[in-house]
Amino acid sequence: MSLLICPVCRSELKENSVSLVCANGHAYDIAKQGYVNLLPVNKKHSNVPGDSKEMILSRRSFLESGYYDCFASKLAEIIIIHTNHSQKLSVLDVGCGEGYYDGFLTKKLDKLKINYEFYGTDISKEAVKAASGKYKNVSYAVASNFSLPFKDKSFDIIINIFSPMAESENCRLLKENALYIYAVPGPDHLIQIKETIYDDVYQKEERDIAYSGLEFLERVKVRSEITVEGKDLTDLFMMTPYYLKSHKNATEKLKRAGTIKTKIAFDFLVFKKKGKNYEDN
């Protein structure tokens with residue numbers, strides 16, 4: 001956990017056998033699963049921020065069934081294309097959830113014998129607990145995307161999959177010419193699920209996204225179809241924003257549908273922090 005800093009005073013954290021401690025005496029216990037909670041009370045904004053344990057279990061069950069492997073494979077491909085295999089790679093997954101993508105990516109990096117330091121953060125303690133309990137080669141911390149407990153210019157790559165974007169904070173953490181990979185849903189992602197739940201459904205327009213500290217490199221589209229039924233369909237629903245907004249009526253509609261074939265779509269927006277060539281970093 002060498003890149004972590006104290007969320008209170010922003011000084012470096014040192015690890016002992018049971019906790020992380022800064023020079024000013026702020027201490028943070030390391031949980032038995034291996035993660036550390038670096039989310040101050042004044043940054044929580046609710047008693048239990050982020051996804052619940054129930055939602056996290058559903059997410060893990062659905063993702064580990066392989067429905068989104070095409071997205072994980074493309075993400076790994078993007079990272080490997082832009083990676084200098086001879087240097088140590090520092091990676092951060094913000095909004096990491098229960099760690100499915102981290103586990104997929106670290107397996108690919110291990111297979112290619114790429115040396116790396118991998119971190120994951122999420123505002124949900126239940127998500128980080130689940131991730132840390134399973135993926136032991138990733139360092140996890142409970143933290144907000146808008147106040148990340150890491151040293152400046154720490155990372156070669158930051159990954160964000162459907163999580164809120166905090167431009168200034170991400171730019172602070174990226175090395176010059178480092179990569180920022182932002183996954184957003186495509187216009188027809190889960191469109192048949194929406195049509196089952198709602199009376200009126202429209203496709204979102206594809207929009208270019210610009211950030212002042214980042215240079216846009218490419219939009220990588222991944223499109224496929226999946227057929228989902230039974231518990232998998234319920235699990236998928238519970239890991240979407242629709243669950244919190246309309247879960248009572250929607251759950252009944254999905255049960256009546258039984259099986260749904262739906263389009264799935266991710267757009268990976270690849271950015272580079274402005275500076276010298278990434279390969280020279």
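So, here is what we can say about the structure in this document. (Residues numbered from 1 in each chain as written. Predicted model: local features only at pLDDT ≥ 70, side-chain atom pairs only at ≥ 80, totals over all residues. Heavy atoms only, no water.)

A tally of regular secondary structure across the chain gives 8 helices and 11 strands. Here the chain has a C-alpha radius of gyration of 19 Å; the compact-globule value for 281 residues is 19 Å, and the two agree. Considered along the principal axes of its C-alpha atoms, the chain spans approximately 60 × 40 × 35 Å. Considering the chain as a whole, with its 281 residues, one finds that 52% of them fall into the buried category. Looking at the chain alone, contacts between residues at least 24 apart form 72% of all its contacts between residues at least 6 apart. Carbon and sulfur atoms provide 48% of the accessible area of the chain, an area that totals close to 13600 Å². (Helix = DSSP H or I, 4+ residues; strand = E, 2+ residues; numbered from the N terminus. Rg over C-alpha atoms; globule rule 2.2 N^0.38 Å. Buried < 20%, exposed > 50% of the residue type's maximum accessible area, 1.4 Å probe, protein only. Contact = heavy atoms within 4.5 Å. Areas by Shrake-Rupley, 256 points an atom, 1.4 Å probe, with all protein chains shown as cover.)

Here we take up the pairing of strand S9 (residues 174-185). Counted residue by residue, S9 has 9 buried out of 12 residues, so it is predominantly covered. Handedness of the crossover joining strand S8 (residues 155-161) and S9 through helix H5 (residues 167-173) is recorded here as right-handed. Looking at chain direction, S9 and strand S11 (residues 259-273) are connected through 7 bridges and run antiparallel. The residue bridging Tyr182 from the neighbouring strand is Leu269, located in S11. (Right-handed = clockwise from strand over helix to strand, strands pointing away. Pairing = 2+ DSSP bridges.)

Here Asn115 is to be found in the loop between helix H3 (100-111) and strand S6 (116-122). Relative accessible area serves as the criterion here: at 47%, Asn115 is assigned to the partly exposed category. Residues contacting Asn115, with those up to four places away along its chain left out, are Gln87, Lys88 and Leu89.

Pairing is antiparallel across the open sheet formed by 3 strands, whose spatial order is S1-S2-S3. Looking at strand neighbours, the two that pair on one side only are strand S1 (13-15) and strand S3 (27-29), the edges of this open sheet. Neighbour-to-neighbour, the strand axes of the sheet open up by a mean angle of 25 degrees, direction not taken into account. Inspection of the sheet shows strand S2 (residues 19-22) paired to S3 by 3 bridges, in the antiparallel sense. Looking at S3, one finds that Leu20 is bridged to Tyr28. (Axes fitted to C-alpha atoms, helices over the stretch in contact; angles between N-to-C directions.)

Among all residues save glycine, negative phi is the norm, and among peptide bonds the norm is trans. The backbone phi angle of Lys113 is positive, close to 60 degrees, even though this residue is not glycine. Take Lys113: it is sitting in the loop between H3 and S6. By relative accessible area, which is 73% here, Lys113 ends up exposed. Phi at Asn177 takes a positive value of approximately 65 degrees, unusual for a residue other than glycine. You can see Asn177 is positioned in strand S9.

Turning our attention to the sheet that holds strand S10 (residues 214-229). Within the open sheet, the 8 strands sit side by side as S4-S7-S6-S5-S8-S9-S11-S10. Their pairing is mixed. Strands with a single pairing partner mark the edges of an open sheet, and in this sheet they are strand S4 (36-37) and S10. Bridge analysis of strand S5 (residues 89-94) against S8 gives 4 bridges, and the strand direction is parallel. Looking at the pairing, Val94 lines up with Asn160 of S8. Across the sheet, H3 is in contact with S5, S6, strand S7 (139-142), S8 and S11; its angle to S6 comes to roughly 175 degrees. Strands in contact with helix H7 (residues 230-238) are S10 and S11; relative to S10, the strand with the most contacts, it is inclined by about 150 degrees.

With that settled, consider the nonpolar core. Core analysis: the biggest nonpolar cluster contains 57 residues, and Phe62, Tyr68, Leu75, Tyr101, Ile159 and Phe268 have the highest contact counts within it. It is helix H2 (residues 69-81) that contributes the most residues to this core, 6 residues altogether. In contact with Ile159, other than residues within four places in its own chain, are Leu75, Ile79, Val91, Leu92, Asp93, Val94, Leu105, Phe118 and Ile181. Counting 30 residues, the second-largest nonpolar core is a separate cluster that includes Leu4, Cys6, Leu92 and Ala141. (Core = buried A, V, L, I, M, F, W, Y, C linked by side-chain atoms within 4.5 Å.)

The next thing to look at is helix H4 (residues 125-134). An α-helical turn contains 3.6 residues, so a residue and the one three or four places further along point in the same direction. Inspection of H4 places Ala127, Val128, Ala130, Ala131 and Ser132 among the buried residues, and these make up the whole buried set. On its buried face, H4 is in contact with helix H1 (53-63), S6 and S7.

So, on to the pattern of salt bridges. Summed over all chains, the structure comprises 16 salt bridges. Measuring nitrogen to oxygen at the nearest pair gives 3.3 Å for the salt bridge that ties Lys151 to Glu12. Taken as a pair, Lys151 in the loop between S7 and S8 and Glu12 in the segment before S1 lie far apart in primary sequence, 139 residues in all. Three or more residues are tied together by salt bridges with common partners; here these are Arg59, Arg60, Glu64, Glu98 and Lys134. (Salt bridge = Lys/Arg side-chain N within 4 Å of Asp/Glu carboxyl O.)

A contiguous patch of positive charge, built from Lys32, Lys53, Lys125 and Lys129, is present on the exposed surface. Examined against the element boundaries, Lys125 turns out to sit in helix H4. (Patch = residues over 30% accessible without salt bridge, like charges linked within 9 Å, V, L, I, M, F, W, Y side chains within 5 Å. Lys, Arg positive; Asp, Glu negative; His and termini not counted. Charge placed at Lys NZ, Arg CZ, Asp CG, Glu CD.)

This next bit is on the side chain of Arg59. Looking at the secondary structure, you find Arg59 in helix H1. The exposure class assigned to Arg59 is buried, which follows from its relative accessible area of 15%. When near neighbours in sequence (up to four residues on either side) are disregarded, Arg59 contacts Gly97, Glu98, Tyr101 and Met239.

By themselves, these figures tell us nothing about what the structure is for.
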